[in-house]
Amino acid sequence: MQFEFASGQIQGKRAAQEDTVDVLLPSDSHEKPGELCRAGAAAAVVVVVADGMGGHVGGRIASNLSSKYFLDAVNKTPGSWGERLDQALIQANDILRTATEKRPELDGMGSTLVGAVVNQHGIGWVSIGDSGLYLFRDHALVRLNEDHSFGAYLDEQVRQGLLAPEHAAMDRRRNQLFHALLGDPIDHYERFAGFRDLRPGDAVLLASDGLKTLSDETVGRLIAEHEDDSAEQLVVRLLEAVDAENRERQDNTSVILVKVRDGVAPGRTPATESSTTVPLNMIAADVLDPLHPGEAEGASSMVDPTGHRSAATRETAPPAAGRAAPAPVMAAATAGPAAETGPEAVTERGSGTAAGRAGGGIVAALLGLAIGLGIALWLYRGRLPPWPF
């Protein structure tokens, strides 16, 4: 088998692009850097989609750091693919903690992440958040990874007949996340569970939640109707279909598509002249010190100081049907009434937790000031003139 791949993004109606997509052509040994590539064909690829949160700057930095550190760890960590993927996700989370310690103004940033290896064994993955991993086979699209969003919980309630579909669709908490990379200890993520087989004619799709503008049925039908297209052509079709919906608040949308083809896999073959390949060691400065990129001699920065890209655990089960879901850790503000079931939002995905913590600190400070004034007035009331009422 050989794997033809392509990636692409649109910004939607958002003020900035906070998603990151990366494809790594892993090296044959842990000493070699591997290569980042936008499109091409190879015997094996590691693919990542990360959706950042925490404000325009924080979201860009969080998704970029998470993706780059994940890939660097996958490429350098010895052991089985399961050990490499699991350890890479942990390291992607750790870098967010390190980043916020160096730059406290980034406190509250976070990211989803779905990372997968596609090779002769099939596909294996780890994920956290709501970015999707799908398998297209026999004209049908099936989601492979867990969805850690409140929307998935609501949809399950609908399937169980416990919630009306219209209430689930309009609930403003649909984009809240139960789990994400935040730099804090991870309470749950989807661990590597072995390889799922692939066969010629299959397609693997990774996407941020902006693709949910299209239903799974629509995405599957689009791929089926154009299954002879190249991976790059299919990526363009998917993004154009999202854009054509012209949603008022269309989110960033990022996709990676890998087509499984028959035949002997090439080593590393660019698919088109527009393909770009970057040695992974060229981002070494960002991997070692992501907040001060370009300091290592000969390094080429992939992340600038504001987070722009220079180029285009304790495991727990998901909530059972009919039971209250755990409190989400992040959320996106959306229009519509809240359903009568489920927890209240604790933070907003667009602004991150920093704003919530700052607001809580202000309230606490004002409350403390009021209490202090009250005690002072009580202690010295005898020295003050009589109350005029």
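Note that the structure is predicted; figures quoted are calculated from it, not measured.

What to know about unusual backbone geometry
For histidine 139, which is not glycine, the phi torsion reads 65 degrees and is therefore positive. Assignment of secondary structure puts histidine 139 in the loop between β9 (132-137) and β10 (140-143). Given a relative accessible area of 53%, histidine 139 falls into the exposed group.

As for the pattern of salt bridges
For the structure on display, the rule yields 16 salt bridges. Between aspartate 72 and lysine 76 there is a salt bridge; the shortest N-O distance is 3.4 Å. Of this pair, aspartate 72 and lysine 76 both sit in helix α1 (residues 55-76), separated by four residues, roughly a single helical turn. Using a relative accessible area of 12% as the deciding quantity, one classes aspartate 72 as buried. A salt bridge links aspartate 147 to lysine 212; the nearest nitrogen and oxygen atoms lie 3.1 Å apart. One end of the pair, aspartate 147, is in the loop between β10 and α3 (150-159); the other, lysine 212, is in the loop between β11 (203-207) and α5 (216-225), and 65 residues separate them in sequence. Owing to a relative accessible area of 22%, aspartate 147 belongs among the partly exposed residues under this scheme. Taken together, the salt bridges that share partners define one network made up of Arg137, Asp197 and Asp202.

A look at the confidence of the model for the chain
With 66% of its residues at a pLDDT of 70 or more, the chain shows a mean pLDDT of 77. Contacts for the low-pLDDT stretch residues 343-348, under 50 throughout, to residues beyond four places or in other chains number 22 contacts.

A word on the packing of α1 against helix α2 (residues 81-102)
Running from N to C, α1 and α2 cross one another at 145 degrees; their axes reach a closest spacing of 8 Å. For α1 against α2, the interelement crossing comes out right-handed. Along the contact surface, α1 presents Ala62, Leu65, Ser66, Tyr69, Phe70, Ala73, Val74 and Asn75, while α2 presents Trp81, Arg84, Leu85, Ala88, Leu89, Gln91, Ala92, Ile95, Leu96 and Ala99. Its residues assigned to classes, the contact of α1 with α2 comprises 14 nonpolar, three polar and one charged.

Examining the pairing of β11
Counted residue by residue, β11 has five buried out of five residues, so it is predominantly covered. A two-sided burial pattern is seen for β11, the buried positions comprising Ala203, Leu205 and Ala207 on one face and Val204 and Leu206 on the other. Of the pairings in the sheet, the one linking β11 to strand β12 (residues 253-261) comprises five bridges and is antiparallel in character. By the bridge assignment, alanine 207 is partnered in β12 with valine 255.

Let's talk about the environment of arginine 221
Among the secondary structure elements, arginine 221 is positioned in helix α5. Separated by 82 residues in the primary sequence, arginine 221 and histidine 139 place their C-alpha atoms 7.1 Å from one another.

Calculation notes
Residues numbered from 1 in each chain as written. Predicted model: local features only at pLDDT ≥ 70, side-chain atom pairs only at ≥ 80, totals over all residues. Heavy atoms only, no water. Helix = DSSP H or I, 4+ residues; strand = E, 2+ residues; numbered from the N terminus. Buried < 20%, exposed > 50% of the residue type's maximum accessible area, 1.4 Å probe, protein only. Salt bridge = Lys/Arg side-chain N within 4 Å of Asp/Glu carboxyl O. pLDDT = per-residue confidence, 0-100. Contact = heavy atoms within 4.5 Å. Axes fitted to C-alpha atoms, helices over the stretch in contact; angles between N-to-C directions. Left-handed = near helix turned anticlockwise from the far one by under 90°. Nonpolar A, V, L, I, M, F, W, Y, C, P; charged D, E, K, R; others polar. Pairing = 2+ DSSP bridges.

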